[in-house]
Amino acid sequence: MGYKKYMGYKEYNFDGLVGMSHHYGGHSFGNVASSSNIAAVSNPKQAALQGLAKAKALADAGLDNGLWGQGILPPQERPFLPVLRGLGFGGSDANVIEQSAKYYPQIFAKCCSAASMWTANAATVSPSLDSLDGKLHFTPANLVAMYHRSVEHEVTGRVLKRIFANDAHFCHHDALPQNMLYGDEGAANHTRFYSDINMQGVEFFVYGAAAYPDSDDAVKPEKYPARQSFEASSIIARNHQLSANKTVFAQQHPDAIDAGVFHNDVIAVGHGNFMMCHEMAFLDKHKVYAELEDALGEKLFICEISNDDLPIEDVVSSYLFNSQVIGNVRDGMSIVAPEESANNPKVQAVIGKIIAANGPVNAVRYFDVKQSMQNGGGPACLRLRVLMNDAEVSAVNANVFLDDGLYGQLVDWVNAHYRDRLVIADMADVAFYNECCVALDALTKILKIGDVYDFQR
Ligand code: SUG
């Protein structure tokens, strides 16, 4: 089919609805917030409403200016009984839950994780403008580096296939094999640059380390895992049929990973022809910047923040780079930042500089997503970007685009079903699982996605 120019492309952010089992399990080694908040009491209701409020504010703004759209992705069923049954716990649901919680408490807690809310890790998505077959490609991330997340990809793939259910437009790949050789964390390590939204863009893959580096001098983090391998990124680029001259690979700086930057989207964010990053984001940064500009074929506004202006510890605590950037060069861009950034004077100074610079960003807006932040998930973690044209949008039959009606339904649904206080012990009771099943069954009807959960099959 070949590359095309087709009018009417728009970016849709698909935010993950926070699940009912949102808790602080300390499950993610290398994610400072996750480790520091282990065993804190969570508030799943507040978490879900905070996420929905952010998504709705962006949906409203996008409706006003016509520049972007907003979608929603459902949470997963937890505790995840199919996995617990696979570990040898049998009998009734109550028995599986009680026995696994008693004998394997840590694994049980991981099987309760609501981490699928961070949809930046759900998949890597390449728009039809970039792929040789002219289809929109999805690869669910295998998330193999963290056990609690490695069990997400099958249901993620199922949900994506239900929402984007048209072979003429959409191409769904399986997650990569479950091995660290192919460790893949999805869009959190993938950005797309473009100067014309209706033209082929540059796909930028950032990896933590190569499983088989091509030089003896290769470096990798020493303290924390490199969750994304070069091999995984390159397989996805091939499967998505991307052009080599429009694809750039870069290694994340290992010192940044060791400081708690477990995904590239914790230290860099790109949008259109703009990138905001910390000086420690990439190894060999000058080569990376040059390759990006070369592939783009015109100026890329790179706003690099120095470690003097914002020490890496503040990058991790404020999550400034986990902001979303929305808008375009003509109308101006805005940074959608977590409230934690508003409370940090160094970040405030940096944002002032970014706005004062002669770049596209001219505004900032803060959102309270504290429940998610305490597990290391800021605004950008909560969304998966999908660039679609009108025909592709029309091919989506599910009720997943956030408007007043859907927002009202979802808020009512959260208020009806979610708890406002949760610790791991609460989930060891089958009553909690039954509550989740009732709620999720109702959700699939609201979203019109059919039976996607194992308990429905
Ligand atoms: O994979 N935290 C997630 C946070 C993901 C953030 N996503 C992006 N940066 N795109 C993770 O580390 C913590 C769950 C817990 O500890 O309970 C967790 O899974």
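*Asks:* What is the right way to look at the sheet that holds strand β3 (residues 123-126) in this model?
*Replies:* Pairing between the strands of a sheet is mediated by backbone hydrogen bonds and can be parallel or antiparallel. Taken in spatial order, the three strands line up as β3-β4-β5 in an open sheet, and their pairing is mixed. The sheet terminates laterally at β3 and β5 (170-172), the two strands that pair on one side only. Between one strand axis and the next, the sheet turns by 15° as a mean value, whatever way the strands run. By the bridge criterion, four bridges tie β3 to strand β4 (residues 136-140) in an arrangement that is antiparallel. Directly across from Ala123, in β4, lies its bridge partner Pro140.

*Asks:* Would you take a moment to explain the pattern of salt bridges for this structure?
*Replies:* Pairs can form between side chains of opposite charge whenever their charged atoms are close. In total, this model carries 16 salt bridges according to the counting rule given. Asp60 serves as the salt-bridge partner of Lys56, at 2.9 Å between the closest nitrogen and oxygen. Of this pair, Lys56 and Asp60 both sit in helix α2 (residues 44-65), four residues apart, roughly one helical turn. Of the residues examined, Asp60 reaches a relative accessible area of 31% and is grouped as partly exposed. The partner of Asp130 in a salt bridge is Arg192, and the shortest N-O contact between them spans 2.6 Å. Placement of the pair is Asp130 in the loop between β3 and β4 and Arg192 in strand β6 (residues 190-193), with a sequence separation of 62 residues. Salt bridges sharing partners connect three or more residues here, namely Lys56, Asp60 and Asp404.

*Asks:* Can you walk me through the packing of aromatic side chains in this structure?
*Replies:* The way to describe two aromatic rings as a pair is by their centre distance and the angle between their planes. Throughout the structure, instances matching the rule amount to 16 aromatic pairs. The interplanar angle of 85° and the centroid separation of 6.5 Å between the aromatic rings of Phe282 and Tyr289 together place this pair among those described as edge-to-face. Each member of the pair, Phe282 as well as Tyr289, carries the same accessibility label: buried. Feature note: the residues Tyr12, Phe14, Phe138, Phe164, Phe170 and Phe401 constitute an aromatic cluster, connected by ring pairs. Of note, Arg78 hangs over the ring of Phe80, and the distance from its end group to the ring centre comes to 4.7 Å. Here Lys299 stacks its cationic end above the ring of Phe301, 5.2 Å away from the centre of that ring.

The rules behind each value
- Residues numbered from 1 in each chain as written.
- Predicted model: local features only at pLDDT ≥ 70, side-chain atom pairs only at ≥ 80, totals over all residues.
- Heavy atoms only, no water.
- Pairing = 2+ DSSP bridges.
- Helix = DSSP H or I, 4+ residues; strand = E, 2+ residues; numbered from the N terminus.
- Axes fitted to C-alpha atoms, helices over the stretch in contact; angles between N-to-C directions.
- Salt bridge = Lys/Arg side-chain N within 4 Å of Asp/Glu carboxyl O.
- Buried < 20%, exposed > 50% of the residue type's maximum accessible area, 1.4 Å probe, protein only.
- Phe/Tyr/Trp six-rings, centres within 6.5 Å; stacked < 30°, edge-to-face > 60°.
- Lys NZ or Arg CZ within 6 Å of the ring centre and 35° of its normal.

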